[in-house]
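# Geometric and topological summary
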Amino acid sequence: MASILRFRKLCFLEPTNSSSASHDDNKTKAEKKQPVDSPQTDESANSGTKKQQKVVREWRCIDTCCWTIGCLCTTWWLLLFLYNSLPANLAGLQAPETPGVRLKRHGLTAHHPVVLVPGIITGGLELWEGRPCSEGLFRKRLWGGTFGEMFRRPKCWLEHLRLDNETGLDPPGIRVRAIPGLVAADYFTPGYFVWAILIENLAHIGYEDKNMYMAAYDWRLSFQNTELRDQSLSRLKSKIELMYVTNGHKKVVVVPHSMGVLYFLHFLKWVEAPPPMGGGGGPAWCAKHIKSVVNIGPTFLGVAKSVSTLLSSENKDVASIRAMTPGVLGSEMLDLQALEHMMHVSRTWDSILSLVPKGGETIWGNSDWSPEEDHVCDPATAKYDGNNTDDGITITSFHVQESTKYGPIVSFQNKEYGSLASATSPQSLASCSKPWTEYDEASPDMIKRIAETKAYTATTIIDLLRSIAPKTMKRAEAHFSHGIADNLDDPKYDHYKYWSNPLETKLPDAPEMEIYCLYGTGIPTERSYVYKRSPPGKCRSIPIQIDSSADGGQNGCLKGGVYFVDGDESVPTVSAGFMCAKGWRGKTRFNPSGIATYIREYKHKAPTKFLEGRGLESAGHVDIMGNAALIEDVLRLAAGASGAELGGDRIFSDIMKMSEKINIHL
């Protein structure tokens with residue numbers, strides 16, 4: 001430390017005349033005392049010369065990252081400081097009036113009790129029992145919140161989020177449970193709302209704990225296992241019955257989101273089914289207790305993201321990061337293997353299998369057709385025609401030269417990387433300390449055969465998943481099914497594995513109940529993927545990955561190895577809207593009592609002002625929870641409005657046209 005201080009003084013302090021003279025005298029005396037031919041003198045001189053040389057450091061990548069993060073944080077805090085320093089009534093800085101405040105002023109008040117059902121990922125999880133590495137985390141959030149433990153002790157964090165690979169339940173010595181109450185899913189992380197805005201607006205018209213309830217559950221488990229382990233379905237049944245009685249025998253409005261719509265669809269069958277498999281409520285329970293089911297961002301027919309997650313722990317964002325920073329996510333030097341770790345954990349979450357596309361080629365199409373084949377992502381690929389009418393008016397229209405075939409959920413490119421033996425040989429595996437995945441049991445020949453098949457539709461993708469993840473599929477297929485029922489009166493459909501598939505189960509006998517499909521449109525949404533075999537030679541790599549170099553395609557819908565269609569960024573429109581548009585519309589074999597269904601779509605509009613946050617008209621899968629129009633619709637339904645009073649259907653997409661293309665027996 002003393003040497004450093006002397007060096008700083010030598011470099012940055014300008015000496016005075018007196019000190020300079022004194023320094024020269026001392027130097028002269030030192031020279032007299034030191035022998036001329038002493039080797040120490042030469043070493044001291046060389047050392048002094050080196051110290052006086054200016055040290056030049058190269059600008060590294062980490063410096064750029066730190067500098068960028070520092071600039072962003074500084075800018076953010078500066079803007080926040082300025083915003084809080086300015087007068088609240090300054091023109092242009094007033095936040096828009098919320099729907100709840102406006103509707104309250106117009107006399108809208110709470111009427112029906114409201115139950116909120118969160119979806120996958122967004123619900124918080126806390127630790128009740130863990131391994132020694134989790135000391136100090138009792139009843140602390142492991143999922144949601146700040147995610148601090150993910151950075152402090154990542155392997156311990158992953159170990160506690162993982163479920164048992166054989167049972168799909170808790171591993172020995174670990175208990176992670178859903179956080180109860182409205183705080184379970186109001187915010188995902190600090191500042192990132194999920195249900196918070198809707199809860200606040202419901203509060204404005206009179207809702208509170210006595211007439212509003214968050215049906216939190218462990219979203220990692222299969223739906224029936226939430227009852228087996230936590231009695232979540234029984235507690236939801238009891239809570240609805242209690243709210244019905246304590247609120248003047250008013251029926252309940254249920255608002256599920258995302259995967260929560262499948263969870264509640266499972267509940268509708270469970271609650272009326274006889275014990276021990278069901279809740280024993282009887283065939284009239286739903287008609288007595290439920291006024292309407294308001295599904296937000298419904299995933300009725302599944303999402304393509306679930307397939308890419310199971311295959312390679314990827315989606316469009318991960319594929320983009322992999323393309324921009326090749327080798328980082330699977331870096332052996334940094335000991336990351338991020339995708340392998342995520343696959344090791346997520347393949348124990350049975351709930352992901354509930355999101356695999358349902359209905360096979362009948363719904364999603366094949367190499368010859370798909371319901372979205374007329375969708376145009378890039379208008380520049382369309383050919384415009386000008387036609388003159390008899391009145392002399394020119395009508396401009398366009399047609400696409402060749403429609404995009406979205407039917408194959410996964411297709412493989414013709415890219416060869418040589419033999420995979422070097423990547424999976426016993427010698428290379430012995431030197432690896434990677435997390436185990438079921439790919440470790442797959443032979444190179446099997447991976448080669450998978451890639452040579454070229455295309456997998458919604459029907460054949462199930463066989464692909466069985467071949468690459470046999471243990472995962474064996475466990476999960478005991479709880480979920482993805483087909484279309486031939487005869488819904490067949491006793492086999494009384495089993496709970498069919499209850500969350502709207503194409504293999506009947507709605508309850510409740511003709512006065514209403515079902516709504518509320519979802520966003522106008523955002524490119526993942527529909528199918530182009531894959532390739534991963535380059536060999538890395539013992540820690542997953543053998544297949546999204547081919548981020550694949551671009552173009554008809555209509556400009558292929559970008560970075562992903563085909564896009566219309567949707568809410570997570571759920572394609574056909575999955576969110578088909579059941580309300582056709583499958584349940586009127587009296588059908590899936591809706592024998594003729595429950596009324598309504599579609600309410602919300603066209604995406606990006607925020608234009610800083611104070612709009614993530615957007616008052618955003619149609620994103622989660623951002624839509626802050627959409628002012630959606631919030632107003634939910635509040636009016638909770639206050640007693642019917643679908644007809646709400647205005648009936650509101651459609652911006654081609655959902656009706658797509659539904660007509662789907663040939664299904666109703």
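What comes next concerns the included structure. Model, not experiment: these values are computed from the prediction.

### Considering the overall build of the protein
Looking only at helices and strands, the protein features 25 helices and 19 strands. If you take every contact in the protein between residues at least 6 apart in sequence, the share linking residues at least 24 apart comes to 75%. Just so you have it, the protein exposes about 32,000 Å², and 56% of that area is on carbon and sulfur atoms.

### Side note on the pairing of strand S15 (residues 523-533)
Consecutive side chains along a regular strand alternate between the two faces of the sheet. When you tally the buried positions in S15, you get 10 out of 11 residues, the bulk of the element. Sheet topology note: the strand S12 (residues 410-412)/S15 ladder contains three bridges and is parallel. Considered in S15, the bridge of Phe412 is made with Tyr531. Sheet analysis places S15 next to strand S18 (residues 562-567), joined by six bridges and oriented antiparallel. By the bridge assignment for S18, Ser528 is matched with Tyr563. Bridging between S15 and strand S16 (residues 544-546) involves three bridges; their strand directions are antiparallel. Bridging across to S16, Lys532 finds its partner in Gln545.

### Considerations on the side chain of Thr525
Residue position: Thr525 is located in strand S15. Assessed through its relative accessible area of 0%, Thr525 is described here as buried. Ignoring anything within four residues of it in the chain, the contact list for Thr525 reads Tyr563, Phe564, Val565, Asp566, Gly567, Asp568, Glu569, Ser570, Val571 and Pro572.

### Considerations on the sheet that holds strand S4 (residues 175-178)
Read across the open sheet, the three strands follow the order S3-S2-S4; overall the sheet is antiparallel. This sheet does not close on itself; its edge strands, each paired only once, are strand S3 (141-143) and S4. Strand-to-strand twist of the sheet, defined as the mean angle between neighbouring strand axes without regard to direction, takes the value 45°. Judged from the two bridges that link them, strand S2 (residues 125-129) and S3 form a sheet pairing that is antiparallel. When the sheet's bridge partners are listed, Glu126 is paired in S3 with Arg141. Along the sheet, helix H7 (residues 154-161) makes contact with S2, S3 and S4, crossing S3 at roughly 80°.

### Considering the pairing of S18
Within S18, six of the six residues are buried, leaving the element largely enclosed by the surrounding structure. Where strand S17 (residues 558-559) hands over to S18, the hairpin turn is made up of two residues, of which Gly560 adopts a positive phi near 60°.

### Describing the nonpolar core
Core analysis: the largest hydrophobic core is formed by 153 residues, its most contacted members being Val115, Trp195, Phe264 and Leu311. It is helix H11 (residues 260-272) that provides the largest number of residues to this core, a total of nine residues. Leave out the neighbours within four places in its chain, and Phe264 touches Val117, Leu236, Ile240, Val254, Pro256, Ile290 and Val293. Tyr406, Val530, Leu558 and Tyr563 belong to the second-largest nonpolar core, a separate cluster that totals seven residues.

### Side note on the state of the cysteines
By definition, a disulfide links the sulfur atoms of two cysteines through a covalent bond. Evaluation of the coordinates by the stated rule reveals two disulfides. Across the disulfide, Cys133 is cross-linked to Cys156 (sulfur-sulfur distance 2.1 Å). Because the sign of the S-S torsion sets the handedness, a value of about 80° for the bond joining Cys133 and Cys156 places this disulfide among the right-handed ones. Placement of the pair is Cys133 in the loop between S2 and S3 and Cys156 in helix H7, with a sequence separation of 23 residues. What makes Cys133 partly exposed here is its relative accessible area of 31%. Note that Cys517 is cross-linked by a disulfide to Cys580, the S-S spacing being 2.1 Å. Judged by the torsion about the S-S bond (75°), the Cys517/Cys580 disulfide is right-handed. Of this pair, Cys517 sits in strand S14 (residues 514-521) while Cys580 sits in helix H22 (residues 573-583), and the two are 63 residues apart along the sequence. Of the two residues, Cys517 and Cys580, neither departs from the other in class, the shared state being buried.

### Some thoughts on the packing of aromatic side chains
Both the distance between ring centres and the angle between the ring planes are used here to describe each pair of aromatic rings. Per the stated rule, a full pass over the model turns up 22 aromatic pairs. Ring centres of Phe223 and Tyr263 lie 5.5 Å apart, and the angle between their planes is 85°; on these two criteria the pair is classed as edge-to-face. Of this pair, Phe223 sits in helix H9 (residues 223-230) while Tyr263 sits in helix H11, and the two are 40 residues apart along the sequence. Plain terms: the ring middles of Tyr516 and Tyr598 are 5.3 Å apart, the flat faces sit at 20° to each other, and that makes the pair stacked. Taken as a pair, Tyr516 in strand S14 and Tyr598 in strand S19 (residues 596-603) lie far apart in primary sequence, 82 residues in all. Tyr598 shares its class with Tyr516; the two are buried. An aromatic cluster is defined as three or more aromatic residues linked by ring pairs; in this entry it consists of Trp143, Phe147, Trp157, Phe188, Trp219 and Trp349. Over the face of the ring belonging to Tyr439 we find Arg347, whose NZ or CZ atom lies 5.0 Å from the ring centre. Its guanidinium or amino end placed over the ring of Phe193, Arg614 lies 3.8 Å from that ring's centre, counting from NZ or CZ.

### Topic: the environment of Lys104
As for its position among the elements, Lys104 is in helix H5 (residues 99-105). When the C-alpha atoms of Lys104 and Asn201 are compared, they prove to be 9.6 Å apart, with 97 residues separating the residues in sequence. Among residues more than four places away in sequence, those in contact with Lys104 are His204 and Ile205.

### Focus: the packing of helix H13 (residues 305-312) against helix H15 (residues 338-346)
Where H13 meets H15, the axes come as close as 8 Å, and the angle between the chain directions of the two elements is 110°. In this view, H13 runs roughly perpendicular relative to H15, as classed from their interaxial angle. Seen from H13, the contacting residues are Thr309, Leu310, Leu311 and Ser312; seen from H15, they are Leu339, Met343 and Ser346. Looking at the contact of H13 with H15 residue by residue, the classes come out as four nonpolar, three polar and no charged.

Conventions adopted
Residues numbered from 1 in each chain as written. Predicted model: local features only at pLDDT ≥ 70, side-chain atom pairs only at ≥ 80, totals over all residues. Heavy atoms only, no water. Helix = DSSP H or I, 4+ residues; strand = E, 2+ residues; numbered from the N terminus. Contact = heavy atoms within 4.5 Å. Areas by Shrake-Rupley, 256 points an atom, 1.4 Å probe, with all protein chains shown as cover. Buried < 20%, exposed > 50% of the residue type's maximum accessible area, 1.4 Å probe, protein only. Pairing = 2+ DSSP bridges. Axes fitted to C-alpha atoms, helices over the stretch in contact; angles between N-to-C directions. Core = buried A, V, L, I, M, F, W, Y, C linked by side-chain atoms within 4.5 Å. Disulfide = S-S within 2.5 Å. Phe/Tyr/Trp six-rings, centres within 6.5 Å; stacked < 30°, edge-to-face > 60°. Lys NZ or Arg CZ within 6 Å of the ring centre and 35° of its normal. Parallel < 35°, antiparallel > 145°, perpendicular 65-115°, else oblique. Nonpolar A, V, L, I, M, F, W, Y, C, P; charged D, E, K, R; others polar.

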